[in-house]
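Observations on the model geometry
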Amino acid sequence: AHSPADAAVRHLSIKAGRKGSWTRGLHSLAASRLAEGGGQEGGAAPLRVRAIGPFGEPEERAAAHPQLILVAGGVGITPLSALAGAFIARAAAEPGSRPPTTSLQLVWVARDVRLFVEYALLLEELIALPRTSVRLYLTGKAQEERPLPACVGDNVTLGRPDLAR
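Residues numbered from 1 in each chain as written. Predicted model: local features only at pLDDT ≥ 70, side-chain atom pairs only at ≥ 80, totals over all residues. Heavy atoms only, no water.

Within the protein chain, the secondary structure is distributed over six helices and four strands. When the helices and strands of the protein chain are placed in sequence order, the string is α-α-β-α-β-α-α-β-α-β. A separation of at least 24 residues holds for 63% of the contacts in the protein chain among residues at least 6 apart in sequence. Taken as a whole, the protein chain presents about 11,400 Å² of accessible surface, with 54% of it coming from carbon and sulfur. (Helix = DSSP H or I, 4+ residues; strand = E, 2+ residues; numbered from the N terminus. Contact = heavy atoms within 4.5 Å. Areas by Shrake-Rupley, 256 points an atom, 1.4 Å probe, with all protein chains shown as cover.)

So, on to unusual backbone geometry. One non-glycine residue with positive phi stands out, namely Arg131, at about 60°. On the basis of relative accessibility, which here comes to 45%, the residue Arg131 falls in the partly exposed class. (Buried < 20%, exposed > 50% of the residue type's maximum accessible area, 1.4 Å probe, protein only.)

Another point: the packing of aromatic side chains. Aromatic rings in a pair are described by how distant their centres are and how their planes are angled relative to each other. Within this structure, the stated rule accounts for two aromatic pairs. A ring pair is formed by Trp108 and Tyr119, whose centres lie 5.7 Å apart and whose planes are at 85°; its orientation type is edge-to-face. With a gap of eleven residues between them, Trp108 in strand 2 (residues 103–110) and Tyr119 in the loop between helix 4 (113–118) and helix 5 (120–128) connect regions that are remote in the sequence. Each member of the pair Trp108 and Tyr119 is classed as buried. An aromatic cluster of three or more residues is present, and its members are Trp108, Phe116 and Tyr119. (Phe/Tyr/Trp six-rings, centres within 6.5 Å; stacked < 30°, edge-to-face > 60°.)

Turning our eyes to something else, we now look at the nonpolar core. One finds Leu106, Trp108, Phe116, Leu123 and Leu126 to be the most contacted residues of the largest nonpolar core, which totals 27 residues. Going through the elements one at a time, strand 1 (67–73), helix 3 (77–93), strand 2, helix 4, helix 5 and strand 3 (132–138) are the ones with two or more residues in this core. A per-element tally of this core places helix 3 first, with six residues. Those residues in contact with Leu123, other than ones at most four positions away along the chain, are Leu106, Trp108, Phe116, Val134, Leu136 and Val152. (Core = buried A, V, L, I, M, F, W, Y, C linked by side-chain atoms within 4.5 Å.)

In contact at an axis separation of 10 Å, helix 3 and helix 5 are set at 45° when each is read in the N-to-C sense. The angle between the axes of helix 3 and helix 5 places the two elements in the oblique class. With respect to the hand of their crossing, helix 3 and helix 5 are arranged in left-handed fashion. Contacts between helix 3 and helix 5 involve Ser81, Ala84, Gly85, Phe87 and Ile88 on the former and, on the latter, Leu122, Glu125 and Leu126. Of the residues assigned to the contact of helix 3 with helix 5, the class counts are five nonpolar, two polar and one charged. (Axes fitted to C-alpha atoms, helices over the stretch in contact; angles between N-to-C directions. Parallel < 35°, antiparallel > 145°, perpendicular 65-115°, else oblique. Left-handed = near helix turned anticlockwise from the far one by under 90°. Nonpolar A, V, L, I, M, F, W, Y, C, P; charged D, E, K, R; others polar.)

Shown next as structure tokens:
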């Protein structure tokens, strides 16, 4: 998911947690196009993609509020990552001014630490911003294939959030 503010993006990213028949088919198609070569930059043949939408304007609506609280479970972070990316872009574009949205809180519960690893760069950028809170909750085993950056790991709590607090 990319923010519309990220106009330089000229690629499509699809994240799939499990490889089913559709994901395997998409991977095979992309790999065969790469093998063909001779089309686009890097020698890959073009892969046609039809994108429709967006349906609604969540980014503009969210940007109108002074505080954002983003709550995600597992891969539900995907659409929220675009909102978080837009928040980061606005903060970078207007470092001295106060944009309409001045604070952001992210609460993300995931069963697998690999999701946190996948979004580590975004999380690092959010953690570095003032008036931003990132709370990560890991409900599964803490098995790490790749270590989390320290600033991200410091924000991970084992277990579910205590909603009474």
